[in-house]
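# Overview (structure and organization)
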Amino acid sequence: MPLVSMRQLLDEAAAGGYGVGAFNVNNMEQIQAVMDAASDTRSPVIIQASRGARSYTNDRFLIHLMWAATEVYPEVPVALHLDHGNEPDTCFSAIEQGFTSVMMDGSLLADGKTPSDFEYNVRVTRQVVERAHAAGVTVEGELGTLGGIEDGHGSGEVHLTDPDQAVEFVERTGIDALAVAIGTSHGAYKFTKPPDGEVLAMNLIEEIHSKLPDTHLVMHGSSSVPKELVDEINRYGGEIAPTWGVPVEEIQLGIRHGVRKINVDTDARLAMTGAIRKVFAGDKGEFDPRKYLAPARDAMKAVYVERMTQFGQAGHAGDYEPLTLEELRERYAAAV
Ligand SMILES: [Zn+2]
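The structure presented is a predicted model; accordingly, all values stated were derived computationally and were not measured. (Residues numbered from 1 in each chain as written. Predicted model: local features only at pLDDT ≥ 70, side-chain atom pairs only at ≥ 80, totals over all residues. Heavy atoms only, no water.)

## Considering the packing of aromatic side chains
Enumeration over the complete set of coordinates arrives at 3 aromatic pairs. A cation over a ring is seen here: Arg54 above Phe99, with NZ or CZ 5.3 Å from the ring centre. The ring of Phe92 is capped by Arg131, whose NZ or CZ atom sits 3.8 Å from the centre of that ring. (Phe/Tyr/Trp six-rings, centres within 6.5 Å; stacked < 30°, edge-to-face > 60°. Lys NZ or Arg CZ within 6 Å of the ring centre and 35° of its normal.)

Here is the structure:
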């Protein structure tokens, strides 16, 4: 099956009352691990690439690896999504490459650092929606800013999403999915203590969902940073300071209130690093990359299987026939 529309994946998730993990990838082993986990758990899944991942893979390696993924795992509905497009041109080039979904993050200016104003965000996001929908491609927007910095992207400032402004933003832009800022942040160092209701504004998700029941909500920075993964790295010579991520129960609460896409990157990075460190610590003479990349791939797969099960997407791969982007294009055209 070809790469499928993220819009359809999220519509189906809404109908089924579950969430879909969106996993960041940079290389072949990560893509294989996600696809193998999705196949084993019969999960629809989203694979996403940041601007950093696109330049690391030179785009063409990434897109061909994704095509290989759809050939090897025809039973897995998978969408390819651009994470944090910084300006319309970045989104347009992703669409040309074959991405089936793009994020226009107009909450920041094109430098990916400076918070923008509302009118700028509406303007650039609308521009992307018009061109993307004409190609059947899904668009995610962002309102409010997350904490933390990811691949050089982020202002480091947190501005929570305003629910009333979210309604106006969705109406004026026509986006399919909205990334909400509720106090999560990018990277491994999210919280200095276990997050509670004061740190994570889960009530905001409920309020936004009640005002925008048909817009799919997205939680960024939603790695759980399990202590065992951090401990594994440190046991084999790493030095990662104590840190806390987003508890899975909070994500599950979000899924009950309209969260359909959950972005996870850090957890797989931690799993991969721990597995490689373990091999090197056990055999200092090892130099066959397959001997450490295969365990790294297995460790990442275990994380993906766990998240797919926790988010509820497991078991839903065969629920529906994927639509073509042409069918999505016609649907968007009819809706205008
Ligand atoms: Zn993000």
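## Regarding helix H11 (residues 266–282)
Along its 17 residues, H11 runs 24 Å from first to last C-alpha, staying within 8% of the 24 Å computed at 1.5 Å per residue. Those residues of H11 that sit buried are Thr266, Asp267, Ala268, Leu270, Ala271, Met272, Gly274, Ala275, Ile276 and Val279. Buried residues along H11 sit against helix H9 (227–235), strand E8 (259–264) and helix H12 (289–311). (Helix = DSSP H or I, 4+ residues; strand = E, 2+ residues; numbered from the N terminus. Expected span 1.5 Å × (residues − 1). Buried < 20%, exposed > 50% of the residue type's maximum accessible area, 1.4 Å probe, protein only. Contact = heavy atoms within 4.5 Å.)

## Some words on the coordination of the zinc ion
Under perfect tetrahedral coordination by four donors, a metal shows angles of 109.5 degrees; under perfect octahedral coordination by six donors, it shows angles of 90 or 180 degrees. Every protein donor of the zinc ion is accounted for by His84 (NE2), His186 (NE2) and His220 (ND1), and the metal-donor separations fall at 2.0 to 2.1 Å. Read in sequence order, the donor residues for the zinc ion give the motif H-x101-H-x33-H. Taken together, the positions of His84 in strand E3 (residues 78–85) and His186 in the loop between strand E6 (177–180) and helix H8 (202–211) put the pair 102 residues apart, joining distant regions of the chain. (Donors = N, O, S within 2.8 Å, 3.2 Å for Na, K, Ca; no water.)

## Remarks on the side chain of Thr100
Structurally, Thr100 can be placed in the loop between helix H5 (88–97) and strand E4 (101–104). On the accessibility criterion, Thr100 (2% relative accessible area) is buried.

## Some words on the pairing of E4
Burial along E4 is two-sided: Ser101 and Met103 and Val102 and Met104, pointing in opposite directions, are all buried. In terms of strand pairing, E3 meets E4 through 3 bridges, oriented parallel. Within E4, the position partnered with Leu82 by the bridge is Val102. Handedness of the crossover joining E3 and E4 through H5: right-handed. Bridge count for E4 against strand E5 (residues 138–143) is 4 bridges, and the pairing is parallel. The residue of E5 that forms the bridge with Met104 is Gly141. In this region the chain leaves E4, passes through helix H6 (residues 118–133) and returns to the parallel neighbour E5; the handedness of that crossover is right-handed. (Pairing = 2+ DSSP bridges. Right-handed = clockwise from strand over helix to strand, strands pointing away.)

## Some details on the sheet that holds E8
Strand order in this closed barrel of 8 strands is E1-E2-E3-E4-E5-E6-E7-E8, and the pairing throughout is parallel. Strand-to-strand twist across the sheet, computed as the mean angle between neighbouring axes with direction ignored, equals 25 degrees. Looking at chain direction, strand E1 (residues 20–24) and strand E2 (residues 45–49) are connected through 3 bridges and run parallel. Bridging across to E2, Ala22 finds its partner in Ile46. Running at roughly 170 degrees to E2, helix H2 (residues 28–41) makes contact with E1, E2 and E3 of the sheet. (Axes fitted to C-alpha atoms, helices over the stretch in contact; angles between N-to-C directions.)

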